[in-house]
Amino acid sequence: VLLTQAENAKNILSSAAKYKVNVSSLKYEETLYREDFEKLISELLNKTLNHCRSVIAKSKLKPTDISKILLVGGSSRIPAVKEMLETQLGIPASQEVDPDLAVVAGAAIQSAIIDGQKVSSILLDVAPHSISVSCVLEKNGKVIPNYCTKIIKKNTPIPCTVEEVFATLKDDQETVRIAIYQGESDFEEGNILIRELKFDCSKTKKNKEKEILVSFSYGLDGTINIDVHEEGTQNKTRHRVELLTIQ
């Protein structure tokens, strides 16, 4: 009941100045004004604005280089969204495309691409977060543990396949820990561990450092196929990892 009332309030206050909340089962009745609603969602509005600023900065554009902002999604009907973007960014915000239809059309195109169908429209998807493998880094004579080497960097167009070669720390090493992290930090503690794998090295190479090839194939479905191969041998394995949804 409360969820329905909240949804109704959001929809009605997008076109009206007030909404009467009435939950008879709780004997609750109150009039919610648009100004009150906008205060309640102020944190979400600021988050939206910060995301827009981040996208503009990463595109290496200035607000003056952008002719308009195309609003999509049902929540873009909230007047405060349009007002905030136009005031803070100085760019006209347009709803020339039906906000709900735009989302549905985008989802349909993405589904068709994942299914392997040919579509006339191209929807470019990118990796939302960097994917790293933890290792020990030697730099300027110093040994740096728990360093995250980025295999797939944030905003890399997907699907994609990327490879990286690592070496064992010592000769005749029997196992290798492959810890996969998601995030932008250069070190483990600043990222989120999504999978830790154990790879058994072959025993055919004696007194030699082993080279381990790690290949990441990032798919549109939000999963990564990880192929681990010990160079010069038939020793290999494959794992499938589902990525995390993080903000």
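Higher on the page you've got the structure.
As a starting point, this report considers the structure included with it. These numbers were taken from a predicted model, which means no experiment stands behind them. (Residues numbered from 1 in each chain as written. Predicted model: local features only at pLDDT ≥ 70, side-chain atom pairs only at ≥ 80, totals over all residues. Heavy atoms only, no water.)

Here we take up the overall build of the protein. When helices and strands are tallied, the protein shows five helices and 14 strands. The C-alpha atoms of the protein give 25 Å as radius of gyration, which overshoots the globular expectation for 247 residues (18 Å, by more than 25%). When its C-alpha atoms are laid out on the principal axes, the protein stretches across 80 × 45 × 40 Å. Going through the 247 residues of the protein one by one, you find that 33% of them count as buried. Taken as two groups, the 32 positive and 34 negative side-chain charges of the protein have centres that lie 1 Å from each other. (Helix = DSSP H or I, 4+ residues; strand = E, 2+ residues; numbered from the N terminus. Rg over C-alpha atoms; globule rule 2.2 N^0.38 Å. Buried < 20%, exposed > 50% of the residue type's maximum accessible area, 1.4 Å probe, protein only. Lys, Arg positive; Asp, Glu negative; His and termini not counted. Charge placed at Lys NZ, Arg CZ, Asp CG, Glu CD.)

To continue, consider the packing of aromatic side chains. Taken as a whole and assessed by the stated rule, the structure comprises one aromatic pair. The interplanar angle of 85 degrees and the centroid separation of 5.7 Å between the aromatic rings of Tyr147 and Phe187 together place this pair among those described as edge-to-face. Placement of Tyr147 in strand S7 (residues 142-152) and of Phe187 in the loop between strand S10 (175-182) and strand S11 (192-200) is noted, with a sequence separation of 40 residues between them. Its relative accessible area of 31% is what places Phe187 among the partly exposed residues. (Phe/Tyr/Trp six-rings, centres within 6.5 Å; stacked < 30°, edge-to-face > 60°.)

By size, the foremost hydrophobic cluster in this structure holds 26 residues, and its most contacted members are Ile152, Phe216, Tyr218 and Ile226. Going through the elements one at a time, strand S6 (131-139), S7, strand S9 (160-167), S10, S11, strand S12 (211-218) and strand S13 (223-230) are the ones with two or more residues in this core. When residues of this core are assigned to their parent elements, the largest contribution, four residues, is made by S12. If near-sequence neighbours (up to four positions away) are discounted, Ile152 is found in contact with Ala127, His129, Ser130, Ile131, Cys160, Val162, Phe216, Tyr218 and Ile224. Counting 21 residues, the second largest nonpolar core, distinct from the first, contains Leu13, Leu45, Ile56 and Ile91. (Core = buried A, V, L, I, M, F, W, Y, C linked by side-chain atoms within 4.5 Å. Contact = heavy atoms within 4.5 Å.)

To continue, consider the pairing of strand S1 (residues 18-23). A one-sided burial pattern is seen for S1, the buried positions being Tyr19, Val21 and Val23 and the unburied ones Lys18, Lys20 and Asn22. Taken together, the six bridges between S1 and strand S2 (residues 28-33) define a ladder with antiparallel strand orientation. What sits directly across from Lys20, in S2, is Thr31. Count of turn residues in the S1/S2 antiparallel hairpin: four residues, of which Lys27 carries a positive phi of about 55 degrees. (Pairing = 2+ DSSP bridges.)

Attention now goes to the sheet that holds S11. Read across the open sheet, the four strands follow the order S7-S6-S10-S11; overall the sheet is antiparallel. Every interior strand has two partners, whereas the edge strands, S7 and S11, have only one. Each strand axis lies, on average, 35 degrees off the axis of its neighbour in the sheet, ignoring direction. Note that S6 and S10 share three bridges and pair antiparallel. Counted as the bridge partner of Ser132 is Tyr181 from S10. (Axes fitted to C-alpha atoms, helices over the stretch in contact; angles between N-to-C directions.)

Applying the stated criterion across every chain, the model contains eleven salt bridges. We note a salt bridge from Lys68 to Glu96, for which the minimum N-O separation is 2.6 Å. On the criterion of sequence distance, the pair formed by Lys68 in the loop between helix H3 (42-58) and strand S3 (69-70) and Glu96 in the loop between strand S4 (93-94) and helix H5 (99-114) is long-range, its members being 28 residues apart. Looking at Lys68, the relative accessible area reads 41%, which means it is partly exposed. Accessibility expressed as a relative area gives 53% for Glu96, which makes it exposed. Through salt bridges with shared partners, a single ionic network connects Arg77, Asp98 and Asp100. (Salt bridge = Lys/Arg side-chain N within 4 Å of Asp/Glu carboxyl O.)

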